[in-house]
Amino acid sequence: MAVITYRQALHDTLREEMLSDENVFLIGEEIGVFEGSYKITAGLLEEFGEKRVRDTPIAEEGFVGAAVGAAMLGLRPVVELMTINFSLLALDQIVNHAAKIYGMFGGQSNAPMVLRTPGGGGQQLGATHSQNIELYYAFVPGLKVVAPSTPADARALLKASLADNDPVLFLENLALYNTKGEVPDDMPPAEIGKAGVTRTGSDITIIGYSRMATVATQVADQLGEEGISAEVIDLRSLRPLDRETLVESVRKTGCAVIAEDDWLTYGIGAEIAASISDGAFDYLDAPVRRVAAAEVPLPYAKPLERAALPSAESLNAAVRQTLDAVGHRR
Amino acid sequence: MAETATRSKPAGSGSKGRRGGTRSGGSRGQQSQGKTAPRAESPETLRDYFRQMSLIRRFEERAAQGYTQAKVGGYCHLNLGEEATVVGLMSALRRSDYLFTNYREHGYAIAKGIEPGKVMAELYGRTTGTSKGLGGSMHMFDTEVGLLGGYGIVGGQIPLATGAALAIDYRGGDEVVMCQMGDGTTNIGAFHESMNIAALWNLPVVFVVINNYLGMGTTVEMSSAESELYKRAVAYRMHGERVDGNDVVAVQEAAGRLVEHARKTGEPAMLEAVSHRMKGHSVVDPAKYRNSEDAEAAREADPVAAFREQLISADVLDEDGAAEIERAVQADVDAAVAFADDSPHPDPATLFDYTYATPVANDSRRLPADPVF
């Protein structure tokens, strides 16, 4: 058991997978000589050479599509998209091609590949570099979308993604790279499609993923000090979505707050709220609340950016309001 | 002379005497119809080219018929008028070589080696089709013969083909990838990105542009600042050349030379085949935007009729021999239609069988009216 950063967990897992399977190779912008925009691939070019760590031109559609084609012939590319914002340049290859190869041709081929990419705002990167658009991919049958929030999950889900024979969008987050956590040395792969209960509780259910799952556990711990028992669910997988785990929790607690970094309208939280309505309608004591980003192109100026993004404070407030609505006594 | 644009010519390039027409000057579509037998190929090979071209012609006519009978759904784009190009290109590939195409690929599927019955069954949406009926006209696929997909999104196949070539290079294999596309495709970003990557990484892929002058109803001149499309290869320091797509032998020669060069050196290349689309963009398109002169030129350039005449003139075939081949391909197509018609429709119970290659927890199997819980 070691305490390492999310970044280190990704790096170490990539390295191990490359050592164990020569069909695994890395492809993306600035991943080799530059060692990765966020240094996830540091040292790997030196260790594995240009064949296994392939720097690309700035051509997302071209290199993502090339990875799909290589995967169709049995290689296992791990694509790094510098941020999820740039994945839009490759949308056709991800949505119209990677996601369709297996089904459209009747199961004759498939595209076993991992698309690693960070989302996240809060770095004063402005409107085009701060988006959380994982919904675009979570919407598409044929893709799998996972979103680890801790170093241990990063490791377990990356192993699972590389073992999977389908294209997996692996959502990272700029704000998580430096976070630390315990990672067991012999950690087995996670199961894609399964959510995790990261705090058990009985008063309220808080549901989040990626950065907001970690914020949710912080908030739950704060509330715990006041005697409020919050259950926290980390989705981990956005497609498939583990509705059973969500609904089971809300049936127990009777109320829920969803924490998401994306925009509210049509966002991931909307699907979760609908699922709770589908599966726990009779158990609800209050409307399902969503804490989500303000619906603006994210401004650069710090006070505006801060106002637009969800935080522990805003989640804490929404949880308290929901508990008040339920008539929870504290 | 064949027109070439190159940084370093593959051996023997530019040495052939056929030319594709340029759009200006009215030379488009003219083809040599010499009285002598086309060079090099054996009479058997030439007769087989004629057989394949006739088969594709007859197949496509029956596909159109199936469409009007509502046996075939969706879009249905035909290779009518492009038979010489299709057969020439496919004759340049080994069975182990890979082919990526656009959505106008029925003829390619057949010429790459798929049974016409499987191709027709795909059009009919049956389980015996090339993609089990899940793909349709635009999405034929067969691992056995190396057809790695017809693709309905213009340009979508180009990055994929480049990636397949990357996989070959990665493993040190000796296969070559051919990536077919239409003239309109050369204006999409994926074309540029992939040509650059293929040249940069020295990948064994031959990009083939079928210039039939029309991207749906938009002419090459309306869409392309450089309308001599093969010249675009120069921007990537890639060899490019143009060939008369109505001349099956010239196409086979040019494509074969570029494919073998790619096999030997890993260098990519671009080939522009100047061809004709005899009908509309798809079966339902009456092509009213075409002027009568252009439509007439397309009819006159009929590569199947011209090749038949050429082989008879050169005593490679006689009238009876030609008629015998035509009867045989008619029987092949009749059998393909019967096979398709007799094949089962997919069972709705199999709807969720091909969403994921690796089964996954909580995968949705909900039908439209099913409750979520």
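Residues numbered from 1 in each chain as written. Chains lettered and ligands numbered in written order. Predicted model: local features only at pLDDT ≥ 70, side-chain atom pairs only at ≥ 80, totals over all residues.

Q: So what exactly am I meant to see when it comes to helix α5 (residues 157-171) of chain B here?
A: Turn by turn, an α-helix covers 3.6 residues, leaving residues three or four places apart pointing in a common direction. All names here are of chain B. Here α5 is 15 residues long and its end C-alpha atoms lie 21 Å apart, about the 21 Å a rise of 1.5 Å per residue gives. By the criterion of burial, α5 is predominantly enclosed, with 13 of the 15 residues buried. The positive-phi residue at the C-terminal boundary of α5 is Gly172, with phi of around 70 degrees. (Helix = DSSP H or I, 4+ residues; strand = E, 2+ residues; numbered from the N terminus. Expected span 1.5 Å × (residues − 1). Buried ≥ 20, exposed ≤ 12 C-beta atoms within 10 Å, placed from the backbone.)

Q: Which parts of the structure should I look at to understand the UniProt feature "domain: Transketolase-like pyrimidine-binding" (unreviewed entry) in chain A?
A: Sites flagged by UniProt as "domain: Transketolase-like pyrimidine-binding" (unreviewed entry) map to residues 4-179 of chain A. Its end C-alpha atoms 8 Å apart, residues 4-179 of chain A is made of 35% helix and 17% strand. (UniProt positions renumbered as here; feature names shortened; annotations may be inferred.)

Q: Explanation requested: the nonpolar core in the structure shown.
A: What tends to happen in soluble globular proteins is that the nonpolar side chains get buried as a cluster. Membership of the largest hydrophobic core comes to 212 residues, with the highest contact counts inside it found for Ile206(A), Ala164(B), Val177(B), Val206(B) and Val208(B). Both domains that furnish three or more residues to this core are identified here as domain 1 (2-183) and domain 2 (196-326) of chain A. Apart from residues no more than four positions distant in its own chain, Ile206(A) is found in contact with Ala216(A), Val219(A), Ala220(A), Ala230(A), Val232(A), Val257(A), Ala259(A) and Val319(A). (Core = buried A, V, L, I, M, F, W, Y, C linked by C-beta atoms within 7 Å. Domains from an automatic or database assignment. Contact = placed C-beta atoms within 7 Å.)

Q: Got a minute to help me understand the interface of chain A and chain B in this structure?
A: How big an interface is tends to be expressed through the accessible area that disappears when the partners come together. Each partner contributes residues to the interface: chain A has 47 residues there, and chain B has 40 residues. Residue assignment for the side of chain A that touches chain B shows that the elements contributing at least two residues are α3 (60-72), α4 (91-98), α5 (101-104), α9 (243-253) and α10 (268-280) of chain A. With 10 residues, the top contributor of residues to the side of chain A that touches chain B is α3(A).

Q: Is there a simple way to think about the packing of helix α4 (residues 116-123) of chain B against helix α11 (residues 319-342) of chain B in this case?
A: When two helices pack together, their arrangement is given by the angle between the helix axes and by the axis-to-axis distance. Residues and elements named next belong to chain B. In the contact formed by α4 and α11, the axes pass within 8 Å of each other and the chain directions differ by 45 degrees. Between α4 and α11, the angle falls in the class oblique. Considering the relative orientation of α4 and α11, their crossing is right-handed. Side by side, α4 and α11 meet where Pro116, Gly117, Met120, Ala121 and Leu123 of the first sit next to Asp332, Val333, Ala335, Ala336, Val337, Phe339 and Ala340 of the second. (Axes fitted to C-alpha atoms, helices over the stretch in contact; angles between N-to-C directions. Parallel < 35°, antiparallel > 145°, perpendicular 65-115°, else oblique. Left-handed = near helix turned anticlockwise from the far one by under 90°.)

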